[in-house]
Each structure stands twice: as structure tokens, then as C-alpha cells.
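Commentary on secondary and tertiary structure
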Amino acid sequence: MAEITQHDIVIIGGGGAGLRAAIAVAETYPDLDVGMVSKVYPMRSHTVSAEGGAAGVIKPGDSLEDHIRDTISGSDWLADQDAVEAFVREAPRELTQLEHWGCPWSREPDGSVAVRPFGGMGIQRTWFAADKTGFHMLHTLFQTSLKYARITRYDEWFASRLLVEDGRCQGVVALELRTGEVRGILGKAVILCTGGFGRIFPFTTNAAIKTGDGLGLAYRAGVPLKDMEFVQYHPTGLPGTGILITEAARGEGGILVNKHGDRYLRHYDLGEPLDLGDPRHPLFRTMELGPRDRLSQAFVHEQELGNVFEAPDGAYVHLDIRHLGEKTIDQKIPFVRELAKNYVGIDPVHQPIPVRPVVHYMMGGIDTDLEAATSLPGLFAAGECACVSINGANRLGSNSLPELLVFGARAGRGAAEWAREHPESSRAALEQQADVEEARIRDFRGGDGGTERIASIRADLQAAMESGCGIYRTEATLRAAAESIAELRERFRSMRLDDHSLAFNTELTGALELDLMIEIAEALVHSALQREESRGSHQRLDFPTRDDERFLKHSLAYRTEGVPRIEHRDVVITRWPPAERVYGRAHEAGAAERGT
Amino acid sequence: MTQAPSDATTIRLEIARYRPEQDERPVLERYDVPYRHEWVVLDALNYLKDHIDGTLSYRWSCRMGICGSCGMMVNGVPKLTCSAFLRDYLPGPIRVEPMANFPVERDLVTVLDDFMEKFQAVKPWIIRDGEQPLEEGEYRQTPAQLADFKQFSMCINCMLCYAACPVYQHEDEFLGPAVLALAQRYNHDSRDQGKGERQELIWSDEGIWDCTFVGECSAVCPKHVDPAGAIQQAKVESTVGWYRSFLAPFGRG
Ligand SMILES: Cc1cc2nc3c(=O)[nH]c(=O)nc-3n(C[C@H](O)[C@H](O)[C@H](O)COP(=O)(O)OP(=O)(O)OC[C@H]3O[C@@H](n4cnc5c(N)ncnc54)[C@H](O)[C@@H]3O)c2cc1C
Ligand code: SF4
Ligand code: FES
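Residues numbered from 1 in each chain as written. Chains lettered and ligands numbered in written order. Predicted model: local features only at pLDDT ≥ 70, side-chain atom pairs only at ≥ 80, totals over all residues. Heavy atoms only, no water.

1. Brief notes about the overall build of chain B
- When helices and strands are counted, chain B shows 9 helices and 7 strands.
- Its C-alpha atoms give chain B principal-axis dimensions of about 70 × 40 × 35 Å.
- Within the span of chain B, comprising 253 residues, buried residues form 54% of the whole.
- In chain B, 64% of the contacts between residues at least 6 apart in sequence involve partners at least 24 apart.
- Considering chain B, the positive charge centre built from 26 side chains and the negative charge centre built from 37 side chains are found 4 Å apart. (Helix = DSSP H or I, 4+ residues; strand = E, 2+ residues; numbered from the N terminus. Buried < 20%, exposed > 50% of the residue type's maximum accessible area, 1.4 Å probe, protein only. Contact = heavy atoms within 4.5 Å. Lys, Arg positive; Asp, Glu negative; His and termini not counted. Charge placed at Lys NZ, Arg CZ, Asp CG, Glu CD.)

Structure representation (C-alpha cells):
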């Protein structure tokens with residue numbers, strides 16, 4: 001029998017979103033107690049890897065309106081405009097709050113917070129802590145959370161199932177890695193903050209833990225996954241490892257060149273390059289500061305033209321930051337230098353860095369409303385695992401860290417309100433569900449009848465995703481991916497583990513993750529198949545243009561016993577009617593007008 | 001460091017295995033894995049787990065030297081295995097063991113409880129008498145004030161310094177390098193006023209005075225936090241503070 005513990009609120013995930021949610025509960029209603037379940041110690045969460053920065057309007061000359069506009073056009077008009085407005089309004093306050101909690105933001109000489117340019121943003125508004133922004137934010141949040149006695153942590157516990165009774169989510173079942181114990185952790189409200197799922201692709205900036213478990217849990221509990229087809233490729237990953245070279249490298253003035261030394265972006269409707277000595281370089285929303293989807297797509301074209309370097313670890317172009325000089329590099333983007341030296345053996349002060357597009361961020365996720373609530377009463381979601389949506393078809397760099405804060409805090413407050421109004425229902429029924437889950441995990445662990453290694457199923461899943469749902473897709477590639485995934489699901493049934501032990505069995509957690517990865521990969525492929533248009537990061541060669549008539553809509557994938565059912569829902573448009581997404585040319589005119 | 005022989009195709013790993021349900025004590029097991037010039041030790045472990053023996057347990061996540069999960073002893077030296085290249089250990093074998101000075105949970109996984117308790121004990125958060133309302137914006141902090149603690153804020157909690165520390169090896173109570181550096185990180189933050197609250201613990205027997213300034217911690221730290229420097233700084237400040245409290249008993253230390 002599975003043991004049971006009880007909290008007012010259970011949060012799954014100890015990354016930026018989960019910690020912010022936990023603190024919001026503790027500050028709003030200090031009498032409520034929080035159980036925070038995380039499969040890694042919170043400071044190991046993936047937020048730690050974020051480098052570049054967090055956008056929030058604070059500087060004179062900037063305005064909320066401009067940040068909203070940049071975000072909406074960046075999203076290719078697929079973002080819900082009421083959500084974007086709420087996000088942009090609350091982001092500065094949240095970033096200031098983090099400052100008060102001790103985040104070591106980089107500063108101006110007068111002691112105010114410094115900001116830097118970022119891709120797709122029309123003005124400098126990205127707060128940064130050198131180029132370890134996520135690291136500092138996560139450690140600040142974690143350390144701050146330690147002062148609240150009513151936050152109980154379950155570090156290195158793996159959540160494997162939501163408990164749903166009386167139509168309400170009322171807890172989770174989790175596996176303690178250290179002991180192998182399975183326990184029901186009850187809460188009157190549950191918040192999923194489990195992060196993204198880049199790991200369903202083979203070549204990604206994402207850490208090993210980013211397997212999308214929370215999406216799988218919600219999906220299995222009947223909650224739809226929204227806009228899953230939108231996968232962001234970051235244009236500058238290191239070949240081989242996929243380690244990210246932050247966009248801040250371009251924000252500081254770095255340029256992209258192909259093997260002929262050509263600043264090739266100028267051929268892709270992103271404006272004209274300025275001379276590196278020109279004080280206006282880098283120009284906002286132009287060339288290297290265009291949005292990520294467009295830059296990654298340009299790479300594919302250059303590759304087809306034979307203009308890129310070829311190497312065993314994949315083709316690449318050069319990111320050149322030499323002209324910034326050693327001093328600026330060491331001051332503003334020291335981690336870039338450290339990573340390039342360590343992982344590709346070059347010093348960017350003297351040599352250009354080889355880079356190629358890499359899967360980086362998932363715009364899609366668990367469908368939530370503005371208050372971070374899902375369609376399942378009592379279940380909330382925030383952070384990269386959720387889709388509110390502010391990112392639409394393409395997230396702007398540095399919008400995701402403030403998103404964690406804004407919607408993490410909203411989720412915390414919303415869940416707290418909910419928990420105060422709703423008592424626990426039938427304990428016996430919840431206990432019984434926990435027992436069923438315990439048995440399922442025991443079967444997973446014991447299973448040695450099969451023949452398939454989880455590593456080989458996982459590798460084949462990743463390969464299918466890359467060939468079927470990459471930067472450019474067609475009906476044929478997507479159908480092939482859908483077929484492969486269906487086969488992989490069958491193969492998964494005959495998986496076998498080498499490891500049957502209880503203590504820290506990471507092969508077991510790997511299997512639990514893979515089970516959910518297959519599930520969400522399927523939702524992604526089917527959402528992509530149904531979207532017969534090209535928008536933002538979703539590019540269909542067989543439907544090369546945006547089709548607002550049919551698809552100014554969110555995709556919602558529902559789990560069924562067969563293939564997922566895809567429904568669509570209108571995007572919320574308030575004050576910013578859909579228009580062409582223009583980078584480079586028109587903006588130059590606009591910038592000239594405003595005298596920036 | 002040995003020069004890479006161009007014909008290396010495999011490399012031998014000697015890995016400390018300990019499965020509490022079946023082993024009485026750790027044993028070294030040998031595995032041959034493919035050698036690739038660009039691989040780190042962690043890549044070799046992942047290869048091993050995926051293709052040869054799924055029962056090996058270890059922690060990792062970011063594989064870019066920032067999450068702090070993957071610390072182990074590599075040929076007896078504490079290292080982040082995601083940043084330790086196979087090519088620096090040619091021709092092998094490479095001995096991989098769990099971090100020294102910590103109890104072993106299983107295989108290469110150590111128990112963090114002691115570290116986490118001490119971490120929390122130094123109150124690593126901003127302590128102030130009063131809060132400035134958020135509407136009034138950020139606290140001003142000049143680049144020089146930031147520089148005063150920035151280095152100590154770079155700690156990724158990898159605990160390699162504990163694995164290297166000869167004092168922690170013998171004295172369980174010692175707060176240890178990273179935790180003391182963390183206390184200094186807040187004590188030196190211009191926004192913080194909590195030094196007094198942290199003082200007692202830092203200056204106690206378990207705190208800075210245990211350190212004999214061997215400096216091994218700073219030598220192994222992958223992020224140049226220089227915990228030994230932090231401890232030294234705290235010692236100097238405490239002496240100064242002690243004298244000061246005599247001279248001006250009612251002033252702030
Ligand atoms: C290399 C890199 C750089 C980036 N740089 C930037 C940037 O400069 N600016 C920006 O705005 N964004 C950036 N991003 C994006 C941003 O960092 C992420 O979107 C964000 O950090 C996600 O935070 P999160 O709190 O949602 O999830 P995470 O930080 O990923 O945390 C997820 C948490 O969920 C837990 N969890 C997951 N599954 C389970 C389970 N089954 N059981 C228990 N716990 C579970 C994990 O343990 C973890 O604690 C970057 C992303 C990458 C990959
Ligand atoms: S001080 Fe250095 S070695 Fe010690 S835990 Fe921090 S980063 Fe690791
Ligand atoms: S895996 Fe994150 S520090 Fe090595």
C-alpha cells in the first residue's frame with residue numbers, strides 16, 4: 001500500500017516557475033502549506049542554463065505598448081493578446097521583485113539595472129546577469145524559498161501520475177529516487193511546473209531532464225495540449241553537443257557569416273547589414289537581431305545552396321564576435337567564451353564560433369487560461385510546460401524567464417485561492433488510485449520479459465521527430481513520423497530494464513519518462529499535420545503561406561485511445577489586428593522616425 | 001596530460017559500483033567504451049548506460065557545466081564529468097568514483113543531506129529591517145558594489161570543494177567551503193543587512209575557524225568562486241569586527 005501525505009498545495013517542479021509559485025503561496029497565505037516535488041534538486045532545474053536575459057520594460061524611451069507589439073508580431077499573431085498584455089504589464093514588477101530578493105543583475109554606473117538588446121525586440125529591454133541570467137534567477141529563487149518554513153520539499157521525487165477524483169485534481173503519485181518508495185502526495189490544488197520537452201528531439205540545447213513529463217501527466221488526465229506543433233530552433237547551437245551560444249552574443253554585436261564570409265541573412269528579407277564600425281550596429285529587429293524562426297530557416301536555405309561548412313557533427317556557419325574585443329566579451333558574455341573554449345576548443349576572441357540551428361524551446365504546452373488554470377478543476381500549470389499563450393508561433397528570446405515569474409506567481413495565487421475554498425474529497429478513493437499507480441511502477445521495474453532497451457526506443461523516437469517535424473515539414477514527413485511513433489509505442493510494450501532495484505533506479509525513471517515522451521510526440525505530430533499553413537516556427541513546404549482565414553487559431557490536442565483528436569480555438573485578438581511580420585526594412589524606417 | 005594517439009578507438013573505465021540491495025561495499029568494475037576525441041567522461045557514462053549496462057546510476061542534467069549535478073572523482077580528483085574530456089586521460093584507464101567525503105547512495109550517487117542542511121543554516125537570502133516598496137523600483141547597486149560579492153554568487157553547488165577538503169573529511173560539523181562562501185555572498189551584498197544574524201554560526205567552531213586554509217577547495221572549484229578566499233576574508237572581517245565591538249560596543253559590527 002502506498003503511503004499518503006497531505007499538503008494544501010502540491011507543486012510539481014522546482015525550476016523558475018515552480019519556485020515562484022511556491023513563494024507566491026507562502027506570501028499570499030502564510031497558513032497554507034506547500035509540498036514541492038522535483039525530480040532533481042531545485043537548483044539543478046533547467047532554468048539554470050538560461051543565459052541571455054529576461055525582458056521587462058523599465059527604461060525611459062521604452063513602453064509597454066512596444067513590448068506587447070514586439071511579442072505579438074514575434075508570435076506571428078498566434079499569441080493571445082489579453083495574455084500578452086497581462087504578461088508585459090507584470091514582468092517589470094516581477095523582475096524588480098527578484099532584484100529585491102537579491103538577484104545580481106548587471107548594473108549601470110549609477111546603480112540602476114542595465115538592459116541589453118535581444119532578437120525581435122525593437123529596443124533594449126532585456127535585464128541580464130552577465131550571461132548567466134537563468135542561473136542567478138534560479139539560485140535567487142531557491143535560496144529565497146528556503147526562508148519559508150511551510151514549503152516542504154520532495155527533492156528527487158519523480159511524479160508519475162495525477163490523482164483525479166470527483167472531477168478535481170487532488171494530488172500526485174510520486175516515486176522517491178533514493179528508496180524506490182511510491183507515495184500519494186495529496187493537495188487540494190496541484191500546479192505543474194515541469195518545464196519543456198526538447199529531449200524528444202535528438203539535437204537540443206535542453207538538459208536531460210526536459211522530457212515533458214508534466215504535459216504527459218496532464219494529457220493523460222484529459223487536459224488538452226495546445227499549439228504543440230510550434231518548436232523553436234535556436235540559430236546558434238554548438239555542433240555535436242547542441243550547447244547554446246546565447247542570443248546575447250548577437251545582441252552585443254556578433255554577426256553570422258557563411259563559408260564565403262558573406263553575412264547571408266541579408267538575402268532573407270531581414271534588412272541590410274550595417275558596417276561593424278557603424279554606431280547603429282546592431283540594429284534592432286534587423287539581420288542578426290531578427291527572430292529565431294527566420295534565422296534558423298535562413299540556415300536551411302544556405303545549406304541547400306551549399307554555402308555552409310560541412311562537418312561530421314553537422315553543417316555549420318560562423319558566429320563571429322571577434323570585433324567586440326576581449327574586454328567586452330569577458331565582461332558581457334564570459335560564459336560564451338568559456339563554453340566555446342571547453343566544448344569546441346576555440347577562443348572566440350580570436351576565432352569565429354561554429355554554430356547551427358538546434359531545438360531550443362517549445363511554444364506549446366498544457367492549455368491554461370490567464371490565471372494559469374487548466375480545464376481540469378484544481379489543476380494549474382505555469383512555465384515552459386504551459387501554454388497561456390504569450391509565445392504563439394514563435395517565442396521571442398528573453399520572454400520566457402519573465403513568463404515563469406509572471407505566470408508562476410499567478411498560478412501560486414490562483415491555486416491558493418482554490419485550495420482555501422475546496423476541501424479534500426474522498427481520501428479512500430485517492431488512496432486506491434495511488435495503490436494502482438504503485439502497482440504499475442512495480443510492473444515497470446520488474447519487467448524483464450521484453451527485449452527492447454529504452455535507449456534504442458528513445459533514439460528512434462528522436463530520429464523520427466527530427467526527420468518528420470524539423471524546421472520544414474510536409475504532410476509526407478509528418479505522416480511518416482506518425483507511423484514511426486505508433487510503432488514505437490508497440491515496441492515500448494516489450495521494453496525491458498536491466499535494473500530491477502529500488503535505490504536510485506534511473507533506468508526506471510528513464511522508462512517512465514519515455515512512456516510520456518511518446519505520448520506528447522504523438523500530440524505534436526498530429527497537431528502539425530492538421531495545421532495546413534506556415535506560421536512562425538511551423539513551416540509547411542506544402543502550405544507555404546500563413547492562412548489567417550483557417551488558422552488564426554490555437555490547436556488543441558486531446559488524448560484518445562486511438563490517434564489524438566485535434567480541435568481548434570480562436571486566438572484572442574484585442575487591439576493588434578494581424579499584419580505582415582516585417583523585419584529589417586520597414587523597421588528601419590520606423591526606427592528612423594522615432595530617432596532611435 | 002598525454003598526447004592523443006590517433007588510433008585510440010576504445011578507452012577503459014573503472015567505475016565504482018555500489019548497489020545497496022546487493023553489495024556490501026563498493027567494487028570497481030571495468031568497462032571498455034568507444035573513444036571519441038570530443039567526448040567528456042559523462043558521454044562515456046551515458047554510452048555505457050544506454051548500450052552496455054542500464055544499471056549504472058549517476059546524476060547529470062545540463063551537460064554544460066552549470067547545473068552542478070555531475071561531480072565525481074575522476075582518477076582521484078573531484079571533477080564535473082560533463083567538462084572532463086576523455087582526451088585528457090589517454091590512454092586510460094579512467095577511474096570514476098563517487099565524490100569523496102560523502103556517503104554513497106548508490107554507484108556514483110552521493111547523499112546531499114548534510115550539505116543541504118548547512119546550506120539553509122546560513123540563511124542564504126536577503127535580510128533587511130524594512131522593504132522598499134516595489135513601486136519605488138530597484139535598490140541601487142553600483143558595479144563596484146556588485147563586484148564585491150559577484151564572485152561568491154557564482155557557486156553552482158557542485159560540492160567538488162567538499163570532496164577536496166581535508167577538514168570536512170575529518171570534521172562532519174564543518175560548514176565547509178561553498179556554504180561559507182555563500183554566507184559571504186550575502187554578507188557582502190549591499191542590499192543585505194543580515195550579517196549579524198549569520199555571524200554566530202559563521203564564527204562558531206563549525207564555521208570559519210575550522211578551516212586551516214589548505215586551499216584545495218579553490219583549486220578544484222570549476223567556477224572560480226574561490227571559497228578559500230571567502231573564508232580568509234571572513235576571518236579578517238571577524239577579527240576586525242571583534243576589535244570594533246570593543247571600541248564601539250553599541251555600534252553595528
Ligand atoms: C540553454 C537555454 C538557454 C535559455 N536562455 C533563455 C534566456 O536567456 N531567456 C529566456 O527568457 N529564456 C531562456 N531559455 C528558456 C527558459 O530557460 C526556460 O523556458 C525556462 O527556464 C523553463 O523553466 P521552468 O520553470 O518552466 O522549467 P525548468 O526550469 O525546466 O524546471 C522544471 C522542473 O520540473 C521538475 N520536473 C519535471 N518533470 C518532473 C517529474 N516527472 N516529477 C517531478 N519533477 C519534475 C524538474 O525537476 C524541474 O525542477 C533558455 C533555455 C535554454 C535551453
Ligand atoms: S564553491 Fe566551487 S567547488 Fe564548491 S560547490 Fe561552489 S562551484 Fe562547486
Ligand atoms: S551535467 Fe550539469 S554540471 Fe555537469
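2. Focus: the overall build of chain A
- Secondary structure assignment for chain A yields 16 helices and 21 strands.
- Computed over the C-alpha atoms, the radius of gyration of chain A is 23 Å, within 12% of the 25 Å expected from 2.2 N^0.38 for a compact globule of 596 residues.
- Taking all 596 residues of chain A together, 70% fall into the buried category.
- Each charge class in chain A can be summarised by its mean position, and for the 66 positive and 87 negative side chains these summaries are 2 Å apart. (Rg over C-alpha atoms; globule rule 2.2 N^0.38 Å.)

3. With respect to the domain arrangement of chain B
Residues and elements named next belong to chain B.
- We note that the domain assignment places domain 1 (10–110) and domain 2 (113–252) within chain B.
- Each side of the interface is counted separately: domain 1 has 14 residues, and domain 2 has 14 residues.
- Across the domain 1 to domain 2 interface the summed buried area is about 1100 Å²; carbon plus sulfur atoms make up 69%.
- Three residues, Pro78, Asn101 and Phe102, lead the burial of domain 1 against domain 2; their summed loss comes to 49% of the area buried on that side.
- Taken together, domain 1 and domain 2 are joined by 0 salt bridges. (Domains from an automatic or database assignment. Buried area = accessible area lost by both parts, 1.4 Å probe. Salt bridge = Lys/Arg side-chain N within 4 Å of Asp/Glu carboxyl O.)

4. Focus on helix α6 (residues 177–187) of chain B
- Where burial is concerned, most of α6 of chain B is hidden: 11 out of the 11 residues are buried.
- Residues of α6 of chain B that are buried include every one of Pro177, Ala178, Val179, Leu180, Ala181, Leu182, Ala183, Gln184, Arg185, Tyr186 and Asn187 of chain B, and no others.

5. A look at the environment of aspartate 542 of chain A
Residue and element names in this part refer to chain A.
- In this structure, aspartate 542 sits in the loop between β19 (539–540) and α15 (548–551).
- Classification of aspartate 542 as partly exposed rests on a relative accessible area of 31%.
- Taking the C-alpha atoms as reference, aspartate 542 lies 9.7 Å from tyrosine 472; in sequence the two are 70 residues apart.
- Discounting chain neighbours no more than four positions away, the residues touching aspartate 542 are Arg473, Thr474 and Glu475.
- Only 2.8 Å separates the side chain of aspartate 542 from the backbone nitrogen of glutamate 475, close enough to count as a polar contact.
- Of the polar contacts made by the side chain of aspartate 542, one reaches the side chain of arginine 540; its length is 2.9 Å. (Polar contact = N/O pair within 3.5 Å; in protein donor to acceptor, adjacent residues only side chain to side chain.)

6. Observations concerning the site of ligand 1
Residue and element names in this part refer to chain A.
- By nearness alone, 39 residues border ligand 1, and Ser45, His46, Thr47, Glu384 and Leu401 come closest of all.
- The contact in question runs from an oxygen atom of ligand 1 to an N or O atom on the backbone of valine 40, over 3.3 Å.
- The contact in question runs from a nitrogen atom of ligand 1 to an N or O atom on the backbone of glutamate 51, over 3.4 Å.
- Burial of ligand 1 by the surrounding chains reaches 99%, relative to a free accessible area of 1000 Å².
- Elements that contribute at least two residues to the shell around ligand 1 include exactly α1 (16–28), β2 (34–38), β7 (157–165), β14 (353–362) and α10 (400–421).
- Residues belonging to the shell around ligand 1 are distributed by class as follows: 13 nonpolar, 20 polar and 6 charged. (Near = heavy atom within 4 Å. Areas by Shrake-Rupley, 256 points an atom, 1.4 Å probe, with all protein chains shown as cover. Nonpolar A, V, L, I, M, F, W, Y, C, P; charged D, E, K, R; others polar.)

7. Looking at the interface of chain B and chain A
- Between chain B and chain A, the residue contacts involve 70 residues of the former and 66 residues of the latter.
- Sorting the residues of chain B by area buried against chain A places Arg63, Met64 and Leu134 of chain B first, and these three jointly supply 14% of that buried surface.
- Applying the counting criterion to the chain B and chain A interface returns 10 salt bridges.
- Of the charged contacts in the structure, one is a salt bridge between glutamate 99 of chain A and arginine 191 of chain B, with a shortest N-O distance of 3.1 Å.
- Connecting chain B to chain A are 38 residue pairs in polar contact (both at pLDDT 80 or more).
- Contributing elements (two or more residues each) for the side of chain B that touches chain A: α1 (41–52), β6 (104–106), α2 (113–121), α3 (143–150) and α6 of chain B.
- Of the residues that constitute the side of chain B that touches chain A, the class distribution is 33 nonpolar, 16 polar and 21 charged.

8. Thoughts on the nonpolar core
Residues and elements named next belong to chain A.
- Core analysis: the largest hydrophobic core is formed by 182 residues, its most contacted members being Ile9 and Ile353.
- Element by element, the count of residues in this core is highest for α10, at 9 residues.
- Beyond its immediate sequence surroundings of up to four residues, isoleucine 9 is in contact with Val25, Leu32, Asp33, Val34, Gly35, Ala189, Ile191, Ala415, Ala416 and Ala419.
- Ile12, Tyr154, Leu225 and Val359 belong to the second largest nonpolar core, which has 79 residues in total. (Core = buried A, V, L, I, M, F, W, Y, C linked by side-chain atoms within 4.5 Å.)

9. Considerations on the sheet that holds strand β3 (residues 54–55) of chain A
All names here are of chain A.
- Read across the open sheet, the 3 strands follow the order β3-β5-β4; overall the sheet is antiparallel. One side of each edge strand has no neighbouring strand; the edge strands of this open sheet are β3 and β4 (115–116).
- In this sheet, strand β5 (residues 126–127) lies alongside β3 in antiparallel orientation, the contact comprising 2 bridges. Paired with alanine 54 across the strands is tryptophan 127, a residue of β5. (Pairing = 2+ DSSP bridges.)

10. Here we look at the sheet that holds strand β12 (residues 255–257) of chain A
Residue and element names in this part refer to chain A.
- Read from one edge to the other, the open sheet built from 4 strands follows the order β11-β14-β13-β12, with strand pairing classed as antiparallel. The two strands at the open ends of the sheet, each matched to only one other strand, are β11 (231–237) and β12. Strand-to-strand, the axes of this sheet are offset by a mean angle of 45 degrees, without reference to chain direction.
- Bridging between β12 and strand β13 (residues 317–320) involves 3 bridges; their strand directions are antiparallel. Considered in β13, the bridge of leucine 256 is made with leucine 319.
- Here helix α7 (residues 292–304) sits on the sheet and contacts β11, β12, β13 and β14; the angle it forms with β11, its principal contact strand, is near 65 degrees. (Axes fitted to C-alpha atoms, helices over the stretch in contact; angles between N-to-C directions.)

11. Looking at the pairing of strand β3 (residues 71–74) of chain B
Residue and element names in this part refer to chain B.
- Alternating residues of β3 divide into Gly71 and Met73 and Met72 and Val74, and every residue in both groups is buried.
- Of the pairings in the sheet, the one linking β3 to strand β4 (residues 77–80) comprises 4 bridges and is antiparallel in character. Looking at the pairing, methionine 73 lines up with proline 78 of β4.
- The loop that links β3 with its antiparallel partner β4 comprises 2 residues; one of these, asparagine 75, has a positive phi angle of about 50 degrees.
- Pairing of β3 with strand β5 (residues 94–97), which is carried by 2 bridges, proceeds in the antiparallel orientation. Residue pairing for β5: methionine 73 is matched across the bridge by glutamate 97.

12. Side note on the domain arrangement of chain A
Residue and element names in this part refer to chain A.
- Domain boundaries assigned for chain A yield domain 1 (3–108 + 117–230 + 363–434), domain 2 (235–357) and domain 3 (436–558).
- Counting residues at the interface gives 6 residues for domain 2 and 5 residues for domain 3.
- Of the roughly 430 Å² buried at the junction of domain 2 and domain 3 (both faces included), carbon and sulfur atoms supply 65%.
- Remark: the boundary between domain 2 and domain 3 carries 0 salt bridges.

13. A word on the environment of methionine 116 of chain B
- Its location among the elements puts methionine 116 of chain B in helix α2.
- With 101 residues separating them along the chain, methionine 116 of chain B and isoleucine 15 of chain B place their C-alpha atoms 26 Å apart.
- Beyond its immediate stretch of four places on either side in the chain, methionine 116 of chain B contacts Tyr41, Met43, Phe142 and Arg153 of chain A.

14. What about unusual backbone geometry?
Residues and elements named next belong to chain B.
- Cis geometry marks the peptide bond from leucine 90 to proline 91, where omega comes out at 0 degrees.
- By the element assignment, proline 91 lies in the loop between β4 and β5.
- If you check the backbone angles, histidine 224 has positive phi at about 55 degrees while not being a glycine.
- Summarising the element assignment, histidine 224 is placed in the loop between α8 (216–220) and α9 (227–247).

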